[in-house]
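Observations on the three-dimensional arrangement
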Amino acid sequence: MKIEKIYNFLDSISPFCEQEAWDNSGLLLGSLQDDVENVYLSLDIDEAVLEACSENSLLITHHPLIFKSLKNIANHKYPNAFIKTMIRKNIALISMHTNYDKSHLNAYFTEEILGFKHYTQDGFLIYVDLKDSFSNLLAYVKEKLGLPVLKYAFAKEELKKIAICTGSGGDLINDVKADCFLSGDFKYHQALEALSNGLNLIELGHFESESCFVNSLSNHLQNLPLKVIITNSKNPFKYH
């Protein structure tokens, strides 16, 4: 199957034109006219992912490998070494980042991972009406994600509504109209800002909030006559 057909299908379910201005989603490596038999899905690219990919294949990731302009790929630092390997193995790359966050990933994480079936969506933000305590929510999220610890910022115990955004949602804090905001990671001063506004924060972990990308997208790719292989990248962080 030509990459163009796959690209057009992806664009139909999650238009690339909906990505944020700073994003770099789309076809990053390869040609739309290339033919591929195998498609690999991963949150990111690492050495193990590229080793698993066969030659003349297509890799679809959530995070773009190339964000900033590259003047050369002469050295072996990130991301140059990966790009060289992909060129050598003729591996094409499509990334679906902020466009897929808005169209699918935030909702999928809310429903399938956290188990909240009733919600509303406003851009990147998912809202769930939840009359419960902050302590109970912490315990619930830890269980759902299978995490030994959770980092949080505590402002108040009583909850009526929570907001959810996968990945790095800290820049949305001023837009959140809820009692608690769950996102992948927050910066120090974002936490201070949230507390001054009476907003609880729960940091889910960037990988933990977005690793479900591969399962979410694979459900849609089943509609195409090609082999889809999940070869997800590993979390670079460990817990002790």
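- As named in an unreviewed UniProt entry, the protein chain is GTP cyclohydrolase 1 type 2 homolog, taken from Campylobacter avium LMG 24591.
- Regarding the protein chain, the UniProt comment filed under Subunit (unreviewed entry) reads as follows: "Homohexamer."
- Within the UniProt record for the protein chain, the comment given under Sequence similarities (unreviewed entry) is "Belongs to the GTP cyclohydrolase I type 2/NIF3 family."

1. Some points on the environment of N75
- By the element assignment, N75 lies in the loop between β3 (58-61) and α3 (80-88).
- Put simply, N75 and Q19 are 56 residues apart on the chain and 30 Å apart in space, counted from C-alpha to C-alpha.
- The residues contacting N75, other than those within four sequence positions of it, are N80, A81 and K84.
- A distance of 3.1 Å separates a polar side-chain atom of N75 from the backbone nitrogen of K77.

2. Considerations on the pattern of salt bridges
- Per the counting criterion, the structure on display carries five salt bridges.
- We note a salt bridge from K102 to E20, for which the minimum N-O separation is 3.1 Å. Highlighted residues: K102 in helix α4 (residues 98-113) and E20 in the loop between α1 (3-13) and β1 (26-29), separated in sequence by 82 residues.
- One salt bridge in this structure joins K156 and D179, with 2.8 Å as the shortest N-O distance. Pair noted here: K156 is in the loop between β7 (151-153) and β8 (158-165) and D179 is in the loop between β8 and β9 (180-183), with a separation of 23 residues, a long-range link.

3. Some words on the sheet that holds β3
- Strands sit in the order β1-β4-β3-β2-β11 across an open sheet of five strands; the sheet is mixed. The open sheet is flanked by β1 and β11 (227-230), the only strands paired with a single partner. Neighbour to neighbour, the strand axes of the sheet diverge by 25 degrees on average, direction disregarded.
- Relative to strand β4 (residues 92-95), β3 runs parallel, the two being bridged by four bridges. What sits directly across from L58, in β4, is A92.

4. Overview of a nonpolar patch on the surface
- On the surface, L70, I73 and I87 cluster together to form a nonpolar patch covering roughly 240 Å² of accessible area.
- Following the sequence through the fold, I87 ends up in helix α3.

Reading the values: rules and limits
- Chains are numbered independently. Their residues run from 1 in the order of the written sequence.
- Selection of residues for local features in this predicted model requires a pLDDT of at least 70, selection of side-chain atom pairs for listing and counting requires 80 or more, and totals for whole chains, interfaces and linings are taken over all residues.
- Computation of side-chain values covers all heavy atoms of the structure but excludes hydrogens and water.
- UniProt positions are given in the numbering used here, feature names are shortened, and annotations may be inferred rather than shown by experiment.
- Strands here are runs of E lasting at least two residues and helices are runs of H or I lasting at least four, both read from the DSSP assignment and numbered beginning at the N terminus.
- Whether two residues touch is decided by their heavy atoms; if any such pair falls within 4.5 Å, the residues are in contact.
- For the purposes of these results, a polar contact is taken to be a pair of N or O atoms within 3.5 Å, where, inside protein, one atom must be able to donate a hydrogen and its partner to accept one; residues adjacent in sequence count only when each atom of the pair is a side-chain atom.
- Salt bridge, as applied in this entry: a Lys or Arg side-chain nitrogen positioned within 4 Å of an Asp or Glu carboxyl oxygen.
- At least two bridges found by DSSP between two strands are what make those strands a pair.
- A fitted line through C-alpha atoms serves as each axis, taken over the contacting stretch for helices, and the angle formed by two N-to-C directions is quoted from 0 to 180°.
- Think of a patch as exposed residues, more than 30% relative accessible area, with no salt bridge, where like charges cluster within 9 Å and nonpolar side chains (Val, Leu, Ile, Met, Phe, Trp, Tyr) cluster within 5 Å.
- Areas reported here follow the Shrake-Rupley algorithm with a probe of radius 1.4 Å; residue values treat only the protein chains shown as occluding.

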